[in-house]
Amino acid sequence: QQTATMVKVWYEPPPFGPRTSLDRPAYGIGEGQTPQWLRRMSKMPTWQPITASLIVFGVLAYIPLMNQKLPYTLSPEYLAAQRAYMRYHNMNPIYGISSKTARAADGGH
């Protein structure tokens, strides 16, 4: 006849979190090898570093475009011809360029 023996087991997780051991540091932001500026940024509210990085990358993306001319499709003559074409073909007749209110505001064209 067999008797079942119940054994109590106490589990203690590793001291630095899961997937770590005592002989190596924890993953992520550590005290010894991580630069000070990165540790300070990791403790900031989330919106601050995100906003700062968006501004920095936005400025970097705008630098090549600073001395460029606008495309010819944004010239006043091209836009006027585009509006005339849209009106001739009655495009967007309810609220857009071919609507009665837009035609009345444009001087009866």
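Residues numbered from 1 in each chain as written. Predicted model: local features only at pLDDT ≥ 70, side-chain atom pairs only at ≥ 80, totals over all residues. Heavy atoms only, no water.

Engineer: Please explain the overall build of the protein chain as it appears in this structure.
Structural biologist: On a plain count of helices and strands, the protein chain comes out with four helices and zero strands. Sequence-ordered secondary structure for the protein chain, helices as α and strands as β, is α-α-α-α. A buried classification covers 11% of the 109 residues belonging to the protein chain. Residue pairs in contact within the protein chain that sit at least 24 positions apart in sequence constitute 0% of those at least 6 positions apart. (Helix = DSSP H or I, 4+ residues; strand = E, 2+ residues; numbered from the N terminus. Buried < 20%, exposed > 50% of the residue type's maximum accessible area, 1.4 Å probe, protein only. Contact = heavy atoms within 4.5 Å.)

Engineer: Looking at this structure, I do not really get helix α3 (residues 76-88). What am I missing?
Structural biologist: The terminal C-alpha atoms of α3, which comprises 13 residues, lie 18 Å apart, in line with the 18 Å expected from a rise of 1.5 Å per residue. Trailing α3 by a residue or two, Asn-90 shows a phi angle of about 55°, which is positive. (Expected span 1.5 Å × (residues − 1).)

Engineer: So what exactly am I meant to see when it comes to the packing of aromatic side chains here?
Structural biologist: Within a pair of aromatic rings, the relevant descriptors are the distance that separates the centres and the angle that separates the planes. Enumeration according to the criterion identifies one aromatic pair in this entry. Here Tyr-72 and Tyr-78 contribute two aromatic rings whose centre-to-centre distance is 5.6 Å and whose plane-to-plane angle is 90°, an arrangement assigned as edge-to-face. (Phe/Tyr/Trp six-rings, centres within 6.5 Å; stacked < 30°, edge-to-face > 60°.)

Engineer: Hey, could you run me through the side chain of Ser-98 in this one?
Structural biologist: Considering the arrangement of structural elements, one finds Ser-98 in the loop between α3 and α4 (100-105). Ser-98 gets classed as buried once you look at its relative accessible area, which sits at 6%. For Ser-98, the side chain forms a polar contact with the main-chain oxygen of Met-91, separated by 2.9 Å. Setting aside residues up to four positions removed in sequence, Ser-98 forms contacts with Met-86, Arg-87, Asn-90, Met-91, Asn-92, Pro-93 and Arg-103. (Polar contact = N/O pair within 3.5 Å; in protein donor to acceptor, adjacent residues only side chain to side chain.)

Engineer: Just to check I follow, could you spell out a nonpolar patch on the surface for this structure?
Structural biologist: Judged by side-chain polarity, Ile-55, Val-56, Phe-57, Val-59, Leu-60, Tyr-62, Ile-63, Leu-65 and Met-66 come together as a nonpolar surface patch covering roughly 950 Å² of accessible area. Looking at the element boundaries, Val-59 is found in helix α2 (residues 47-62). Of the residues examined, Val-59 reaches a relative accessible area of 49% and is grouped as partly exposed. (Patch = residues over 30% accessible without salt bridge, like charges linked within 9 Å, V, L, I, M, F, W, Y side chains within 5 Å. Areas by Shrake-Rupley, 256 points an atom, 1.4 Å probe, with all protein chains shown as cover. Salt bridge = Lys/Arg side-chain N within 4 Å of Asp/Glu carboxyl O.)

Engineer: Just checking my understanding: could you explain unusual backbone geometry for this structure?
Structural biologist: Glycine aside, negative phi is the norm for most residues, and most peptide bonds take the trans geometry. Residues other than glycine seldom take positive phi values, yet Asn-90 does so here, at roughly 55°. Inspection of the secondary structure puts Asn-90 in the loop between α3 and α4. In this model, Asn-92 sits at a positive phi of 55°, which is unusual for a non-glycine residue. Relative to the helices and strands, Asn-92 is located in the loop between α3 and α4. Residue classification places Asn-92 among the partly exposed residues on the basis of a relative accessible area of 48%.

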